[in-house]
Amino acid sequence: MHAFPHARTHAARTAELAAEAAAWRLAREAAPASPAPSALPGALRSRLGEALIAAGTRLAHPAHHAAA
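Residues numbered from 1 in each chain as written. Predicted model: local features only at pLDDT ≥ 70, side-chain atom pairs only at ≥ 80, totals over all residues. Heavy atoms only, no water.

(A) Main features of the overall build of the protein chain. Tallying secondary structure elements over the protein chain gives two helices and zero strands in all. Taken across its 68 residues, the protein chain has 7% of its residues classed as buried. By element, 67% of the accessible surface of the protein chain is carried by carbon and sulfur atoms, the whole surface being about 5,500 Å². (Helix = DSSP H or I, 4+ residues; strand = E, 2+ residues; numbered from the N terminus. Buried < 20%, exposed > 50% of the residue type's maximum accessible area, 1.4 Å probe, protein only. Areas by Shrake-Rupley, 256 points an atom, 1.4 Å probe, with all protein chains shown as cover.)

(B) Region of the structure containing the packing of helix α1 (residues 3–30) against helix α2 (residues 42–60). Put simply, α1 and α2 touch, their axes get as near as 12 Å, and they point 160° apart. Here α1 is positioned roughly antiparallel relative to α2, judged by the angle of their axes. Crossing of α1 over α2 shows left-handed handedness. Counted together, Arg13, Glu16, Glu20, Trp24 and Ala27 of α1 and Leu44, Leu48, Leu52, Ala55, Arg58 and Leu59 of α2 form the full contact between these two elements. Taken together, the residues that form the contact of α1 with α2 break down as seven nonpolar, no polar and four charged. (Axes fitted to C-alpha atoms, helices over the stretch in contact; angles between N-to-C directions. Parallel < 35°, antiparallel > 145°, perpendicular 65-115°, else oblique. Left-handed = near helix turned anticlockwise from the far one by under 90°. Contact = heavy atoms within 4.5 Å. Nonpolar A, V, L, I, M, F, W, Y, C, P; charged D, E, K, R; others polar.)

(C) Quick look at the pattern of salt bridges. Following the criterion strictly, the structure yields three salt bridges and no others. For Glu16, the salt bridge is made with Arg58, and the minimal N-O distance between the two is 3.0 Å. Of this pair, Glu16 sits in helix α1 while Arg58 sits in helix α2, and the two are 42 residues apart along the sequence. On the basis of relative accessible area, Glu16 is assigned to the partly exposed category, the value being 31%. Residue classification places Arg58 among the partly exposed residues on the basis of a relative accessible area of 32%. Salt bridges here are not isolated pairs; linked through shared partners, they connect Arg13, Glu16, Glu20 and Arg58. (Salt bridge = Lys/Arg side-chain N within 4 Å of Asp/Glu carboxyl O.)

Have a look at this one:
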């Protein structure tokens, strides 16, 4: 059955997106109020950059492969 693995894949992706959104919200709340993005501490800026790269990498890969 194709439906169950497909639904599970999308549920997992939805959970990943929710976790990333929560991480962004927490990071923005923790960051000092400043209009300049360069005001973020280097470690936080680095972690946010890594999260964006990881998200882009996941989006570049297909969610599932069709059975041959």
